[in-house]
Structure formats: C-alpha cells, structure tokens
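Residues per chain are reported as follows:
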Amino acid sequence: MIPFLVFCSLLIPVNLWAAITPHMHSDVSMRILHGICTVVLIPLLWTLWDQRRLLRTLPALVLAIFATVMVVVNSWITAMGMGVQFGWLDHLFLALSEVALSMFFLMAPEPEPITDP
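No experiment lies behind these values; they were computed from the predicted model shown.

### Points about helix H2 (residues 27-50)
- The first and last C-alpha atoms of H2 sit 35 Å apart over 24 residues, in line with the 34 Å expected at 1.5 Å per residue.
- Inspection of H2 places Met30, Leu33, His34, Gly35, Cys37, Thr38, Val40, Leu41, Leu44, Thr47 and Leu48 among the buried residues, and these make up the whole buried set.
- The inward-facing, buried residues of H2 abut helix H1 (2-20), helix H3 (57-80) and helix H4 (87-107).

This is the structure in structure tokens:
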C-alpha cells in the first residue's frame, strides 16, 4: 500500500504542472498521464464499494461520485487525445482526486478482524 500511495502522491505535482503548462506536453504523454490517473482511481472505487458499510455514507458517496466522474472523463480524454476545452481544470481535479485518494487510504478505518466464537 505504501508504494501505491507514494506513486499517487507523485502524481499530484505532475498534474499541477500539467495544469500550469497545458499545451507543453505531447499527445502521447498526455494520454499516458490521464490513463495512469484513471487506473489509480480504481482501487479507491473498489475500496469504497467493498467497505461501504464501514464508512460514513455521505462523505463516501461524494468521494465515489467524484472518483467515478474523474474515471469517466479521463478515460474519454485518454481515448480521444488532446484538444479538450478546459483541460487544465481537469488536471487540477486530478490533483485534488489524488490528494483525496491518499487521505482516504491514510485515514480510512481498518476492517475489523473476523473472530470465531
């Protein structure tokens, strides 16, 4: 889990840099970045679904909706390529989603161990 969180935390400055310099990266590098950012959100969605009974409903629902929208939008950007209007804003949202992902996994409650009676 720690290497995954380190990798996600490294994507935060990369996405902030991509937001600041929106047209200085190539189409291939942009597709790779959006594809990787999409893939790292999948474990968050899976964990939100898997631990839905342990988590508070409203924050988990808001985070799940945000992550789902980011996965859909970034999958589309990965497939379609550059030329997305307000792409810099998507990179800001990606950085925000990676901060939320890191905070969720660092602060999420541990599942209760199953004990035999």
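Right, picking up where we left off after that structure.
### Some words on the nonpolar core
- Membership of the largest hydrophobic core comes to 20 residues, with the highest contact counts inside it found for Leu41, Leu44, Leu48, Leu101, Phe104 and Phe105.
- Those elements that place two or more of their residues in this core are H1, H2, H3 and H4.
- Among the elements that take part in this core, H2 stands out by supplying 6 residues, more than any other.
- Apart from residues lying up to four places away in sequence, Leu41 is in contact with Ala67, Met70, Val71, Ser97 and Leu101.

### Points about the side chain of His91
- When you line up the elements, His91 lands in helix H4.
- The exposure class of His91 is buried, given its relative accessible area of 4%.
- Those residues within four positions of His91 in sequence are excluded, and the remaining contacts are Asn15, Ala18, Ala19, His25, Leu33 and His34.

Rules of the game
- Residues numbered from 1 in each chain as written.
- Predicted model: local features only at pLDDT ≥ 70, side-chain atom pairs only at ≥ 80, totals over all residues.
- Heavy atoms only, no water.
- Helix = DSSP H or I, 4+ residues; strand = E, 2+ residues; numbered from the N terminus.
- Expected span 1.5 Å × (residues − 1).
- Buried < 20%, exposed > 50% of the residue type's maximum accessible area, 1.4 Å probe, protein only.
- Contact = heavy atoms within 4.5 Å.
- Core = buried A, V, L, I, M, F, W, Y, C linked by side-chain atoms within 4.5 Å.

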